[in-house]
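Residue strings, one per chain:
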Amino acid sequence: MSIQHFPPPPGVKAPPLSFGARVGDLLFISGIPGFDANRGLPDSFEAQFANVVTNFKRVLGEAGATMRDLVKVNVLLTRASDVATMNVLYAGAFGPAPYPARTTCVVVVALPDPKMLIEIEGVAEVKG
């Protein structure tokens, strides 16, 4: 079975990884932080969350899937104070119910860039 890779968007300097990799009917989406199209990292949590969702939708779309095809996601936050806000934003972006399975939230000491407040990774089913 071959693996199909989905690179970062053009112009985005990323570490050595694919934004997504599909094998069979599964798409594995790498942890995506809140960078915008110009590699900028907004100060607000809400803006970073919106950028994550935009990039998630892009990778899913390139693979022929949607947010409704997500099976499992993991959410990493650097501030416990963002958990409640994240849950509200998440419900709107990943809903309506039923939602994908999810690690409630993992609060980590840091992500690679000190300005990063969130990173989300996921697995989706891709039909056809």
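Summary of the structure given here.

Reading guide: rules and limits
- Residues numbered from 1 in each chain as written.
- Predicted model: local features only at pLDDT ≥ 70, side-chain atom pairs only at ≥ 80, totals over all residues.
- Heavy atoms only, no water.
- Core = buried A, V, L, I, M, F, W, Y, C linked by side-chain atoms within 4.5 Å.
- Buried < 20%, exposed > 50% of the residue type's maximum accessible area, 1.4 Å probe, protein only.
- Helix = DSSP H or I, 4+ residues; strand = E, 2+ residues; numbered from the N terminus.
- Contact = heavy atoms within 4.5 Å.
- Salt bridge = Lys/Arg side-chain N within 4 Å of Asp/Glu carboxyl O.
- Polar contact = N/O pair within 3.5 Å; in protein donor to acceptor, adjacent residues only side chain to side chain.
- Phe/Tyr/Trp six-rings, centres within 6.5 Å; stacked < 30°, edge-to-face > 60°.
- Lys NZ or Arg CZ within 6 Å of the ring centre and 35° of its normal.

Right, let's get into the nonpolar core. Membership of the largest hydrophobic core comes to 29 residues, with the highest contact counts inside it found for Phe49, Phe56 and Phe94. Sorting the residues of this core by element identifies strand 3 (26-33), helix 1 (45-62), strand 4 (70-77), helix 2 (83-94) and strand 7 (118-125) as the ones contributing at least two each. Setting aside residues up to four positions removed in sequence, Phe49 forms contacts with Met86, Leu89, Tyr90, Ala93, Phe94, Ile118 and Ile120.

Right, let's get into the pattern of salt bridges. This model, assessed by the stated rule, comprises four salt bridges. Across the salt bridge formed by Arg58 and Glu62, the nearest N and O atoms sit 2.6 Å from each other. Taken together, the residues span about one helical turn, with Arg58 and Glu62 both in helix 1 at a distance of four residues. The salt bridge partner of Lys127 is Glu125, with a shortest N-O separation of 3.6 Å. Several salt bridges converge on common partners, so that one network encompasses Asp69, Glu125 and Lys127.

What follows is about the side chain of Thr78. Assignment of secondary structure puts Thr78 in the loop between strand 4 and helix 2. From its side chain, Thr78 meets the backbone oxygen of Met116 in a polar contact 3.3 Å long. Excluding its chain neighbours within four sequence positions, the residues that come into contact with Thr78 are Val107, Val108, Ala110, Leu111, Met116 and Leu117.

The subject of this paragraph is the packing of aromatic side chains. Working definition: an aromatic ring pair is given by the centre-to-centre distance plus the angle between the planes. In this structure the tally under the stated criterion is three aromatic pairs. Centroid distance Phe56 to Phe94: 6.2 Å. Interplanar angle 70°. Geometry classified as edge-to-face. Of this pair, Phe56 sits in helix 1 while Phe94 is found in helix 2, placing the two residues 38 residues apart along the sequence. Phe94 gets classed as buried once you look at its relative accessible area, which sits at 1%. Residues Tyr90 and Tyr99 carry aromatic rings whose centres are separated by 6.2 Å and whose planes lie at 40° to one another, so their mutual orientation is tilted. The exposure class assigned to Tyr90 is buried, which follows from its relative accessible area of 4%. What links up through ring pairs into an aromatic cluster is the set Phe56, Tyr90, Phe94 and Tyr99. Its guanidinium or amino end placed over the ring of Phe35, Arg39 lies 4.1 Å from that ring's centre, counting from NZ or CZ.

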